Amino acid sequence: MQACPIAPVVDLVFSRWTTPILWTLNEYGRQRFVELERRIGVITPKVLTQRLRQLERDGLVTRTYHAEVPPRVEYEISPLGRSLAPLFHSLAEWSPNLAKVEAAREAFDTHEPAHRRP
């Protein structure tokens, strides 16, 4: 039995690039690779390819290959991936609290006793 039952979920969903990929596919629907890359912005093609393959392996994303000239590949969030939408929604609703987190950090840094500083 694990000490924290949500740890595997956090490891799966909240890695550096997984969250923006899943969020983008959930928000905007089916995307071609280049569209997804543009929407995310700062991800490299190599990393996007690696993460998409892993998400497909995990069953969170589906990849559809269209045998056309030129070939076309589309990615979309799977039903399993879509089941994470309420979690993303809850986190988005919580995000205004980030200002409070920043204020708490500033207050801590300002009032931290000298003996606790590294």
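The preceding data block contains the structure.
Computed from a predicted structure; not experimentally measured. For every chain, the first residue of the written sequence is number 1, and numbering continues from 1 onward in sequence order. The model is predicted, so local features are restricted to residues of pLDDT at least 70 and side-chain atom pairs to those at 80 or more, both for listing and for counting; the totals for chains, interfaces and linings are taken over all residues. Values reported for side chains reflect all heavy atoms of the structure, with hydrogen atoms and water molecules removed beforehand.

Trainee: So what's going on with the sheet that holds strand S3 (residues 72-77)? Which residues, and what values?
Mentor: Should DSSP find at least two bridges between two strands, the strands are regarded as paired. Strands are runs of DSSP state E lasting at least 2 residues, helices are runs of H or I lasting at least 4, and numbering of each runs from the N terminus. Pairing is antiparallel across the open sheet formed by three strands, whose spatial order is S1-S3-S2. Only two strands of the sheet have a single partner each, and these edge strands are strand S1 (31-32) and strand S2 (61-66). Across six bridges, S2 lies against S3 in antiparallel orientation. The residue bridging Thr64 from the neighbouring strand is Glu74, located in S3. The strands touched by helix H2 (residues 18-28) are S1, S2 and S3; relative to S3, the strand with the most contacts, the crossing angle is about 95°. Two residues form a contact once any of their heavy atoms are found within 4.5 Å. For helices, the axis comes from a line fit to the C-alpha atoms of the stretch in contact; other axes are also lines fit to C-alpha atoms, and the angle between any two N-to-C directions lies between 0 and 180 degrees.

Trainee: I'd love a proper account of helix H3 (residues 33-40), names of residues and values included.
Mentor: Partly exposed describes any residue whose relative accessible area lies between the buried limit of under 20% and the exposed limit of over 50%, with all areas from a 1.4 Å probe on protein chains only and scaled to the type maximum. Of all the residues in H3, the buried ones are Leu36, Glu37 and Ile40. The arc that holds every buried residue of H3, seen down its axis, measures 100°, which confines them to one face. Trailing H3 by a residue or two, Gly41 shows a phi angle of about 95°, which is positive. Throughout, the arc means the angular range of directions from the helix axis out to the C-beta atoms.

Trainee: Describe the packing of aromatic side chains, with residues and values.
Mentor: Centres within 6.5 Å make a pair out of two Phe, Tyr or Trp rings, where for Trp the six-membered ring is used; the pair is then stacked when the planes are under 30 degrees apart, edge-to-face when over 60, and tilted otherwise. Inspection of every chain in the model, using the stated rule, returns one aromatic pair. We note Arg16 situated over the ring of Trp17; from NZ or CZ to the ring centre the distance is 4.1 Å. Each ring is checked for a lysine NZ or an arginine CZ that lies within 6 Å of its centre and within 35 degrees of its normal; such an atom marks a charge sitting over the ring. Stacked on the ring of Tyr28, the Lys or Arg Arg39 has its end atom at 3.8 Å from the ring centre.

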